[in-house]
Amino acid sequence: MTLLKSWVASANSAACPFPLNNLPYGVFSTGGDDPRCGVAIGDQILDVAAAEDAGLIDISEGPLFDVPFWNEVMEEGPELWAALRARLTEILAEGSADEAAAKDMLVSQAEAEMHLPFLVSEFTDFYASKNHATNVGTMFRGAENALPPNWLHIPIGYNGRASSVVVSGTDVRRPWGQLKGPNDDAPRFAPCARWDLELEMGAIVGTASDGPVTVAEADEMIFGYVLLNDWSARDIQAWEYQPLGPFQAKATATSISPWIVTKAALDPFRTDTPEREKELLAHLKDDGPMLYDIDLQIGLAPEGKDESIIARTNYSEMYYSSAQQLAHHSTSGCPMTPGDLLGSGTISGAEKDQRGALLELSWGGKEPIKLDTGEERSFLEDGDTLTLYGAAKGEGYMIGFGECAGKTLPALADPYER
Ligand code: MN
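So, here is what we can say about the structure in this document. Keep in mind the model is a prediction, meaning the values are calculated, not measured.

A short note on the nonpolar core
Residues Met201, Tyr225, Leu266, Ile294, Tyr315 and Leu358 are the most contacted members of the largest nonpolar core, which totals 69 residues. Counting residues per element, this core draws most heavily on strand β13 (residues 199-205), which supplies 4 residues. Each residue touching Met201, except ones within four places of it in the same chain, is listed here: Tyr225, Val226, Leu227, Leu228, Ile294, Leu296, Tyr315, Leu342, Gly343, Ser344, Ile347 and Phe401. Within the second largest apolar cluster, 41 residues are counted, among which are Leu56, Trp81, Ile256 and Leu341.

This is the structure:
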């Protein structure tokens, strides 16, 4: 696969995150008008609601794109997904007969406000990078007991809160919570002092399941991927997490990037999961490459200062794919629905500068990292803007995700003040 040329000139560059090869799906508005579906191409957005209204896109019985979410498209299933991608490629390709008509339906990304691209039905977060689980386990339980006994057999996870999911650019306020005190009988209620990020990918479930699905079926069900930051209050987490797992530590906010990058766009970048250290039970084995080679970075910019890249890693570092996670999720008969969001779990590489959370990068605060500005960080400080970046790199083109950014606002002086 090489760069596919578009009549939108800004899309025809190796450095453009949104070439014709990508065509990610978002929800946008301009000047306070109604949010609607759009597709990124170069530095523009094709207003697909307008394109459908004008008859340029005609792939369904009723309108699909005049709403502020992509769930209706997801529910239509893989055949319509393929038809839509084929038609968009045709409209936007160099030499297209539709150029004159579609030209007026372009909106500059610089002038658009982006919204959540889909209605998040439910949110589940996993813990599926072996380097991350080993690092965190070593800090909390010692090297001998780093990986829980179930870890090499199932992708472990917890049910999060769909209501906490926000789009990139949304400020996130440092939460208050109950923290461990000098002893177990003296906890206190205070602002989080160990406020952290988690670099993750989010997989979006496109079609419903009723009963257990195989890993291959799960892969078919996935509509696309976004970057995901699972904001984490480490001090709240440390006190509350046993025995039922994280709760309020993860409930403040989860940020996602505004563009859904489709599975079809990522197809040339599929990679295998790493070699199994213990053989998986049959229903969790994958029979094809279901991870992706996606370069990931974390940027941290203190208020009013330049950004430092504090970690670089790759989605292919995961031990379990999203398809395996989705298959596991369905084993109980748990119905999965269009718009379900599955967080991959923090993605960490083997090296120190490849770790996907400050908890690991600063080793629990014991080894603060140094920013390019000369400042140090163990955890996030008020005013810090945290940005995740992601792109799959091909021959002369890339499949970019856009940014997943959020700024930390200071905790309220009194969270119960009305
Ligand atoms: Mn997480």
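Next comes the rest of the write-up.
A word on the coordination of the manganese ion
Taken together, Asp125 (OD), Glu198 (OE), Glu200 (OE) and Asp230 (OD) make up the protein donors of the manganese ion, found 2.1 to 2.2 Å from the metal. Motif for the manganese ion, donor spacing along one chain: D-x72-E-x1-E-x29-D. On the criterion of sequence distance, the pair formed by Asp125 in strand β6 (residues 123-126) and Glu198 in the loop between β12 (195-196) and β13 is long-range, its members being 73 residues apart. Given a relative accessible area of 1%, Asp125 falls into the buried group. What makes Glu198 buried here is its relative accessible area of 4%.

So, the layout of surface pockets
Roughly 520 Å³ of volume is contained in the largest pocket. Lining the largest pocket are 24 residues, and of these Tyr127, Ile156, Gln237, Tyr241 and Pro246 lie nearest its centre. Counting residues per element, the ones that place at least two in the lining of the largest pocket are β6, α5 (130-141), β7 (157-159) and α7 (234-240). Sorting elements by how many residues they give to the lining of the largest pocket places α5 first, with 4 residues. Split by residue class, the lining of the largest pocket holds 11 nonpolar, 7 polar and 6 charged. Approximately 220 Å³ is the volume attributed to the second largest pocket. In this structure, the second largest pocket is lined by 13 residues; those nearest its centre are Pro78, Trp81, Ala82, Lys263 and Ala264. When residues of the lining of the second largest pocket are traced back to their parent elements, those giving at least two are α3 (78-92), α6 (215-221) and α8 (263-266). Element by element, the count of residues in the lining of the second largest pocket is highest for α3, at 4 residues. Considering only residue class, the lining of the second largest pocket consists of 6 nonpolar, 1 polar and 6 charged. Looking at which domains feed residues into the lining of the second largest pocket, each of domain 1 (9-115) and domain 2 (123-409) gives three or more.

Cut-offs and rules
Residues numbered from 1 in each chain as written. Predicted model: local features only at pLDDT ≥ 70, side-chain atom pairs only at ≥ 80, totals over all residues. Heavy atoms only, no water. Core = buried A, V, L, I, M, F, W, Y, C linked by side-chain atoms within 4.5 Å. Buried < 20%, exposed > 50% of the residue type's maximum accessible area, 1.4 Å probe, protein only. Helix = DSSP H or I, 4+ residues; strand = E, 2+ residues; numbered from the N terminus. Contact = heavy atoms within 4.5 Å. Donors = N, O, S within 2.8 Å, 3.2 Å for Na, K, Ca; no water. 1 Å grid on protein atoms, 1.4 Å probe; cavity = no way out; pocket = protein on both sides within 12 Å on 5 of 7 lines; lining within 4 Å. Points joined across faces, edges and corners; volume = space filled by probe spheres on them. Nonpolar A, V, L, I, M, F, W, Y, C, P; charged D, E, K, R; others polar. Domains from an automatic or database assignment.

None of the figures reported here should be taken as evidence of function without further support.
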